[in-house]
Amino acid sequence: MKKILFSVCFIMASMSVMAQDVKRLPEPDKNIKMTLFQALQQRKSVREYSDKDIDDMKLSQLLWAAVGINRPDGRLTSPTAINAQDITVYVCRKDGAWLYVAKENALHKVSDKDLRQAIAANQKFAATAPVSLVIVTDNAKFRGGSTNGPSISGAIDSGYVSQNIDLACEALGLATVPRATMDKETLKKELKLTDDQHAILNHPVGYKK
Ligand SMILES: Cc1cc2nc3c(=O)[nH]c(=O)nc-3n(C[C@H](O)[C@H](O)[C@H](O)COP(=O)(O)O)c2cc1C
């Protein structure tokens, strides 16, 4: 009897840990009023953010625009060379670092640490945004991928995702700036990246101050 009770408690404790480590996002609302050309007209880099947090709906909309699935065959909002789908986006904020898993529309926790300072590096303003997105390419997704830095295709693919983030931020009333500056060594360790994975760009995201 004791054994059964212990097993039940153990399973319940594991389930609660799993629930904390996976956060489902709401279905992204795609009925955005701003047109693409209005977003292009307004796009700009913003480096001053207010304290206001980004709610789960806005985050879900932003991540879907960045690298979400937009077709039944699993293809994405951003193009990738040879449909390698080499890009992953990490959401870094006060409550830790999370991997966006598009097919689940969920965040999977990869670190309990607040990595916004490592992302900001020598640009202090970047750590004041409530969310920082890190765009990572994986050389292993390309045939003959090497580990000597990111591939050209991976760098280009990152640029598409970054532009999607830029335009989606405008459409959602959010503020951002694409950045190449970041402490890549710390991020590689804390995001548990493989030698094939390279952080290329990041986006602090918040509301304009
Ligand atoms: C590849 C790339 C890397 C960038 N890196 C940084 C950066 O590390 N820090 C920063 O403050 N801005 C960075 N920027 C933003 C540019 O400085 C900005 O886009 C440029 O000054 C033009 O301003 P705008 O975006 O408002 O048109 C980067 C932009 C790109 C495209």
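Our subject is the structure listed above.
Residues numbered from 1 in each chain as written. Predicted model: local features only at pLDDT ≥ 70, side-chain atom pairs only at ≥ 80, totals over all residues. Heavy atoms only, no water.

K.L.:
Sorry, what's going on with the side chain of Thr80 here?
P.N.:
With respect to the helices, strands and loops of the structure, Thr80 is situated in the loop between helix H3 (56-67) and strand E2 (87-93). Residue class for Thr80 comes out buried when judged on its relative accessible area of 13%. In terms of polar contacts, Thr80 uses its side chain to reach the backbone amide nitrogen of Ala84, at 3.2 Å. Contacts of Thr80, omitting those with residues within four sequence positions, involve Gln85, Asp86 and Asp157. (Helix = DSSP H or I, 4+ residues; strand = E, 2+ residues; numbered from the N terminus. Buried < 20%, exposed > 50% of the residue type's maximum accessible area, 1.4 Å probe, protein only. Polar contact = N/O pair within 3.5 Å; in protein donor to acceptor, adjacent residues only side chain to side chain. Contact = heavy atoms within 4.5 Å.)

K.L.:
Any chance you could explain the nonpolar core here in plain terms?
P.N.:
Across soluble globular proteins, nonpolar side chains have a tendency to be buried as a group. In terms of nonpolar packing, the biggest core is built from 28 residues, with Leu62, Leu63 and Leu133 touching the most fellow members. When residues in this core are grouped by element, the largest group, six residues, is from H3. Dropping the residues within four chain positions of it, Leu63 is found in contact with Leu25, Gly68, Val89, Val91, Tyr100, Leu107 and Leu133. (Core = buried A, V, L, I, M, F, W, Y, C linked by side-chain atoms within 4.5 Å.)

K.L.:
What am I meant to see in the site of the ligand here?
P.N.:
Around the ligand, the neighbouring residues are Arg43, Lys44, Ser45, Arg47, Gln123, Phe125, Val177, Pro178, Arg179, Ala180, Thr181 and Leu201. Note that an oxygen atom of the ligand is positioned 2.7 Å from one of the side-chain N or O atoms of Arg43. Between an oxygen atom of the ligand and a side-chain N or O atom of Thr181, the distance comes to 2.5 Å. Here the ligand has 620 Å² of accessible area as a free molecule, and 53% of this is covered by the chains. Residues that form the shell around the ligand fall into these classes: five nonpolar, three polar and four charged. (Near = heavy atom within 4 Å. Areas by Shrake-Rupley, 256 points an atom, 1.4 Å probe, with all protein chains shown as cover. Nonpolar A, V, L, I, M, F, W, Y, C, P; charged D, E, K, R; others polar.)

K.L.:
How do you make sense of the pattern of salt bridges when you look at a structure like this?
P.N.:
Side chains carrying opposite charge are able to pair once their charged atoms draw close together. With the rule as written, the count across this model stands at 10 salt bridges. Across the pair Arg43 and Asp166 runs a salt bridge whose closest N-O atoms are separated by 3.3 Å. Linking Arg43 in the loop between helix H2 (36-42) and H3 with Asp166 in helix H5 (residues 152-172), this pair joins segments that are 123 residues apart in sequence. Among the ionic contacts, a cluster of salt bridges with common partners joins Lys113, Lys189 and Glu190. (Salt bridge = Lys/Arg side-chain N within 4 Å of Asp/Glu carboxyl O.)

K.L.:
Honestly, the pairing of E2 in this entry has me stumped. Any pointers?
P.N.:
Successive residues of a regular strand alternate their side chains across the two faces of the sheet. Burial of E2 is extensive: six of the seven residues sit out of reach of the surface. Taken together, the six bridges between E2 and strand E5 (residues 131-138) define a ladder with antiparallel strand orientation. Counterpart to Cys92 in the pairing with E5 is Ser132. As paired elements, E2 and strand E3 (residues 96-101) share four bridges and run antiparallel to each other. (Pairing = 2+ DSSP bridges.)

K.L.:
Could you clarify how one ought to interpret H3 in this entry?
P.N.:
Residues that lie three or four places apart on an α-helix share one face, since the helix turns once every 3.6 residues. The end-to-end C-alpha separation of H3 is 16 Å, in line with the 16 Å expected for 12 residues at 1.5 Å each. For H3, the complete set of buried residues consists of Leu59, Ser60, Gln61, Leu62, Leu63, Ala65, Ala66 and Val67. In this fold, the buried residues of H3 make contact with E2, E3, strand E4 (106-111), E5, H5 and strand E7 (197-206). (Expected span 1.5 Å × (residues − 1).)

K.L.:
Got a minute to help me understand unusual backbone geometry in this structure?
P.N.:
Residues other than glycine predominantly adopt negative phi, and peptide bonds predominantly adopt the trans conformation. Positive phi values are uncommon outside glycine, yet Ala121 reaches one of about 55°. Its place among the elements puts Ala121 in the loop between helix H4 (116-120) and E5. The phi angle at Lys192 is positive, at roughly 60°, despite the residue not being glycine. By secondary structure assignment, the location of Lys192 is in the loop between helix H6 (184-190) and E7. With relative accessibility at 55%, the residue Lys192 sits in the exposed group.

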